[in-house]
Amino acid sequence: MEKNKRQTLKRIIIFGLMFIIAGIIALAGTLLHKGEMEEMLRNTVMVMTGTGMVIFSFATEEINERFTYRNEGRYGRFSLMYLGGLLAAVFLPYLPVSGWPFLVIFVLLGVFSDAAAGMMAGSVCLLLAVHFAGGDFAIFWLYFVSGVTGILVFSTLTEEFRVMLPMFISLAVLMLCLTANVILFAPGKLAAPQFLIPGVNLLVCCILLLISLKIFSSAVIHRNREKYMEINDPEFPLLVQLKDMSKEEYYHAVHTAYLSDRIARRLELDDAATKACAYYHRIGRLRGENTWENVAAICNEYHFPSNTKKILKEYVDESEKVVSRETIIVLFADCIVSSILYLFEKDPAAQLDYAQLIETVFQKKLETDELWCNEISLCQIREMKKIFIEEKLYYDFLR
């Protein structure tokens, strides 16, 4: 509860400042472009109203957990990006309109928030720039279409973050829009010099996108990569403590993590978070009972990534419903490892029918209501069962 209050206060302060500064930028920009008093008032009111819509969109998407990337709580970063876009809108009218890098502004606003907030924020910035440049509707149409295209194609990126196809599509659409709205209406016959500024615009957008997306990839998409490499190391201090306390618990965690990682990779899910959950799903025993309170305290102390904490909470907290596919993978891996270890403990020389055992585990799990209303599909469950059976040679290591 206290954390939610702090988060709400942070949101109010940052977005409040963003709202006020946006109005100041609109006012100062109008003064810079020698606008009349009526224009100053109109621009300030419209930009602040638009900013209010941007804030509402960002907050709504965060509350409803609809962000494409990990932008929850990143109010300061988005605010700086948006205010930077407004500042660019003030000064870009001093450049030829065919050279405005609005594609970059739209894409960055989109990836640092979500598609809806990015479109709204980019549109406010673009409208201000178009007004200062003389209010040409064609220019707004040009950069709005290309900017929205950029937001949409970059919203489809996965953890692998392959940007070349989205870049090609967005730059191609930008060139098409520049040709249709600027080059075709240039005075005189078509000539090579008319393509110079649009060509420079494409080149600048390409370079800025590559640099910006590289930074974005490191700061957002792969910001937990090093942390996962650290905590998913079997020699990580927490796992060493678990091994010192109980070798049985340690090797149970290692076997569960191996199987969970294999399945998450094959199903193209968050394998790093799944593996971490498999390693630490019983880590609360270091502090007594394996309650969520103990697990959460350890996660916070060692700064576990948020997605791992979410999966662990689903797994450990009995009041939580199992929803994510990653949690379900760990659930089945843990159950299969536990079953095999139990049977080997009773008879170390037993020759087990692993396929039949796995079939039984899946049948019993699916007969309960534990897996109702979750994200996994029947196709993925069948694939998961198939992978477990394929690993039958590995199970002999559990003896």
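Here's what I pulled together on the structure shown here. As the structure is a computational prediction, the values presented were derived from the model and not from experiment.

1. Structural notes on the overall build of the chain
Moving on, step 1. In terms of helices and strands, the chain carries 17 helices and zero strands.
Moving on, step 2. A compact globule built from 399 residues should have a C-alpha radius of gyration of about 21 Å, whereas the chain, at 27 Å, is more than 25% larger.
Moving on, step 3. Each principal axis of the C-alpha atoms in the chain carries an extent, and together these give about 90 × 50 × 35 Å.
Moving on, step 4. Out of the 399 residues in the chain, the part that is buried amounts to 48%.
Moving on, step 5. Put simply, 72% of the contacts in the chain that link residues at least 6 apart link residues at least 24 apart.

2. A look at the side chain of Ser-260
Moving on, step 1. Positionally, Ser-260 belongs in helix α11 (residues 247-266).
Moving on, step 2. Excluding residues that lie within four positions of it along the chain, Ser-260 makes contacts with Thr-274, Ala-278, Ile-329, Val-330 and Ala-333.

3. A word on the packing of helix α12 (residues 271-280) against helix α15 (residues 325-346)
Moving on, step 1. Contact geometry for α12 and α15: axes closest at 9 Å, N-to-C directions at 40 degrees. As judged from the angle between their axes, α12 and α15 are oblique. Note that α12 runs across α15; the crossing there is right-handed. Residues Thr-274, Cys-277 and Ala-278 of α12 form the contact with α15, whose own contacting residues are Glu-326, Ile-329 and Val-330.
Moving on, step 2. Taken together, the residues that form the contact of α12 with α15 break down as four nonpolar, one polar and one charged.

4. Structural notes on the nonpolar core
Moving on, step 1. Judged by nonpolar contacts, the single largest core of 60 residues is most densely connected at Tyr-82, Leu-86, Phe-102 and Tyr-143.
Moving on, step 2. When residues of this core are traced back to their parent elements, those giving at least two are α1 (2-32), α2 (37-63), α3 (75-91), α4 (102-111), α5 (115-133), α6 (137-154), α7 (164-181) and α8 (196-221).

5. Side note on the state of the cysteines
Moving on, step 1. Scanning all chains against the criterion turns up zero disulfides.
Moving on, step 2. Left without a disulfide partner, Cys-206 is nearest to the cysteine sulfur of Cys-205, which lies 8.8 Å away.
Moving on, step 3. Cysteine Cys-277 is unpaired, with the sulfur of Cys-299 as its nearest cysteine sulfur at 8.9 Å.
Moving on, step 4. Overall, Cys-277 belongs to the buried group, its relative accessible area being 0%.

6. Overview of unusual backbone geometry
What you tend to see is this: most non-glycine residues have negative phi, and most peptide bonds are trans.
Moving on, step 1. Of note, the phi angle at Lys-34 is positive, near 60 degrees, even though the residue is not glycine.
Moving on, step 2. Mapped onto the elements of the fold, Lys-34 is located in the loop between α1 and α2.

Procedures and definitions
- Residues numbered from 1 in each chain as written.
- Predicted model: local features only at pLDDT ≥ 70, side-chain atom pairs only at ≥ 80, totals over all residues.
- Heavy atoms only, no water.
- Helix = DSSP H or I, 4+ residues; strand = E, 2+ residues; numbered from the N terminus.
- Rg over C-alpha atoms; globule rule 2.2 N^0.38 Å.
- Buried < 20%, exposed > 50% of the residue type's maximum accessible area, 1.4 Å probe, protein only.
- Contact = heavy atoms within 4.5 Å.
- Axes fitted to C-alpha atoms, helices over the stretch in contact; angles between N-to-C directions.
- Parallel < 35°, antiparallel > 145°, perpendicular 65-115°, else oblique.
- Left-handed = near helix turned anticlockwise from the far one by under 90°.
- Nonpolar A, V, L, I, M, F, W, Y, C, P; charged D, E, K, R; others polar.
- Core = buried A, V, L, I, M, F, W, Y, C linked by side-chain atoms within 4.5 Å.
- Disulfide = S-S within 2.5 Å.

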